[in-house]
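The chain contents come next:
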Amino acid sequence: MTLTGQTSTRKMIYWGSHYLMIAAFVIFALFPLYWLLKVSVTPNDILYTEGVRMWPSRTTWENYAFVLTQSNFPKYFLNSVIVSGTTAIVTTLVAALTGYAFSRFAFRGKVIIVALMLITQMFPLVMLIAPIFKILAPLGLTDSLTGLIIVYTAFNVPFATFLMQSFFDGIPKDLEEAAMIDGNTRFEAFRAIILPLTLPGVAATLGFVFTAAWSELLFALMLVSSESASTFPVGLLSFVSKFSVDFGQMMAAGVLALIPACLFFLLIQRYLVQGLTAGAVKG
Amino acid sequence: MASIQIANARKSYGAVDVLHGIDLNISDGEFIVLVGPSGCGKSTLLRMIAGLEDITSGDISIAGNVVNDLQPKDRDIAMVFQSYALYPHMSVAENMSYALTLRKTAKEKISDAISGVAEILGLTALLERRPKALSGGQRQRVAMGRAIVRKPQAFLFDEPLSNLDARLREQMRTEIRKLHHRLGATSVYVTHDQIEAMTMADRIVAMHDGIIQQVGSPVEIYDKPANIFVASFIGSPAMNFLKGSYEISDDNGAGVRLSDGALVPVLQAQNAQNNQAVTLGSRPEHISIVSDADNGLPAKVELIEPMGLSTLVHVTLAGKPIKIFTMDRPNYPVDSFIHIAFDMAKAHVFDTSSEQRLPPTTEPHSGHKD
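Residues numbered from 1 in each chain as written. Chains lettered and ligands numbered in written order. Predicted model: local features only at pLDDT ≥ 70, side-chain atom pairs only at ≥ 80, totals over all residues. Heavy atoms only, no water.

K.L.:
I'd like to hear about the environment of glycine 99 of chain A, residue by residue, with values.
P.N.:
All names here are of chain A. For glycine 99, the location among the structural elements is in helix 3 (residues 73–104). The class of glycine 99 is buried, set by a relative accessible area of 0%. Between the alpha carbons of glycine 99 and methionine 251 there is a distance of 39 Å; along the sequence they are 152 residues apart. Those residues within four positions of glycine 99 in sequence are excluded, and the remaining contacts are Thr161, Gln165 and Phe168. (Helix = DSSP H or I, 4+ residues; strand = E, 2+ residues; numbered from the N terminus. Buried < 20%, exposed > 50% of the residue type's maximum accessible area, 1.4 Å probe, protein only. Contact = heavy atoms within 4.5 Å.)

K.L.:
Can you explain the domain arrangement of chain A? Please cite residues and give values.
P.N.:
Residues and elements named next belong to chain A. Entries for chain A in the domain assignment read domain 1 (2–62) and domain 2 (71–273). The interface is formed by 8 residues belonging to domain 1 together with 9 residues belonging to domain 2. Summed over both sides, the interface between domain 1 and domain 2 buries roughly 630 Å², with carbon and sulfur atoms accounting for 76% of that surface. Of all residues in domain 1, the largest losses of buried area upon contact with domain 2 belong to Leu36, Val39 and Ser40, amounting jointly to 56% of the total for that side. For the pair domain 1 and domain 2, the interface holds 0 salt bridges. In this assembly, domain 1 and domain 2 are joined by 0 residue pairs in polar contact (both at pLDDT 80 or more). Partitioned by chemical class, the residues of the side of domain 1 that touches domain 2 number 6 nonpolar, 2 polar and no charged. (Domains from an automatic or database assignment. Buried area = accessible area lost by both parts, 1.4 Å probe. Salt bridge = Lys/Arg side-chain N within 4 Å of Asp/Glu carboxyl O. Polar contact = N/O pair within 3.5 Å; in protein donor to acceptor, adjacent residues only side chain to side chain. Nonpolar A, V, L, I, M, F, W, Y, C, P; charged D, E, K, R; others polar.)

K.L.:
Residues and numbers for the sheet that holds strand 3 (residues 31–35) of chain B, please.
P.N.:
Residue and element names in this part refer to chain B. Pairing is mixed in the open sheet, where 6 strands are placed in the order 6-7-8-3-9-10. Two strands close off the open sheet at either side, each with one partner strand: strand 6 (77–80) and strand 10 (211–216). Direction aside, neighbouring strands of the sheet carry axes that sit 20 degrees apart on average. The sheet contact formed by strand 3 and strand 8 (residues 186–191) spans 5 bridges and is parallel. Its bridge partner lying in strand 8, isoleucine 32 is registered against valine 188. (Pairing = 2+ DSSP bridges. Axes fitted to C-alpha atoms, helices over the stretch in contact; angles between N-to-C directions.)

Next up, the structure:
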């Protein structure tokens, strides 16, 4: 009796500290987001006067109203959606096909191609800005969303390819061979059998590339000069003027910018968590 | 259903030759088992018939048509994989109907075919389930069902039972055999398990190092193995081998002189010369324990292994381990000496250098491979 009592107390302490640590980490990770939200609803006049408080004495939607109606933010936002969405889709498409080839075929020069793709990941982006500008300018691709999409896609394809390859590696070769014997060509087998099973991988890749492109600042800043082609990270900077930073509006814009990323992950989380291949072969 | 002809088929990966000229004719409705140790090329040969591997040279024909350059889907064959390879995102019924759907078979025909096959395999209650909700044995059945539903020219099996436990394997072995009787389909079955080969095959194809060693009925392969490899691979417990030299005695008899000087009498072998280096082969059940010292060779007992039905006695003779199969229940103490005698009519003589069997002069010349 005493023994079981002791064990259950120990168990409680064990699980209690377990959850406490998780809670501490979650609070640490989410606090900046909370602060973003808090500042975005704090009226400008009490932002500095109230001192550090967990929640302002008055709240307001003014900052949101201003950002949505008076600033260029909706335009930036739309640009970002176009650029990130297109980049995510194009990159995932290319990465799925390349990753499948890497996973399934042995071909001449495979090692060299893999090595080249790895090398592209080694350079700091800052080094590459000047040459990329030099290449894009004569093609009329600077100051354009198309240019940004091309650059983002090029930079994300290698990593996305390796990501997709690892997902294809996890699916047994027997499955498409069975499909090919059942009457599919290799491409049909890929589309009808392998792709549905790789949906978690596709979702992960889409999500990864989308967020990478969504928050990219360096190229967006350097390659685009006009307001009409700016993406929102560049737009956020416009709230910083020479003499002051408009924190309230900046934070409101930041909260709005979080929405698509959140929605996106909400849509794909089902596939991220779910392992679809269970039961395909002997487990 | 159809016959399959393989003519001088070779397979190389770069400089590595995996199959060195395979010739094999499989008749319509025959159940052929390709057996051999891992890496002998049996699975590669099966995958070449299926069209999953290219043929480096030679020809494979199904129903008289050369299929070398046909895609797997155009060969009209069905295959059962070791891993079952069920489509995990489809139900059992969808798995089984996939091939028929691709062939644009009418819906009523598909559902008739599926319910028929599900009935045979006892899958009727499981048709709506996904593969992950099935046990290993059930998955195996679905994989079989998927193959049967199509009524293909030929069935290919790639070690389909090796993921099952011993009891289930035995059961499925019988079921596959019964199905074959019922459907009469040409089947090529790959396994490394010699018991599967013995029990299931119409003819066994024993392979080693990318070469067919022998083709024959299970009994033929067991009783008249073409060489030391086949003799040692087929049969469990395995055949005993003792090196020695061939001696012809004055009275037209013959024997094998072992390294310790003992002479084991054997039937006179074809083409064997006096003093030729030979290997004596004898299956454990063809050695008996005798009480009479005059008729037996002294052997030291190393281990008594009871196997339920029978007992396996491990002894040492001429410094070599020998296994003896007996239906008695011997209880010799370890390290004691017993006398053993070889069944002269059933002992095999192999040429030591070529490893080929030297059949007794009383046996008609066979020598031809398929």
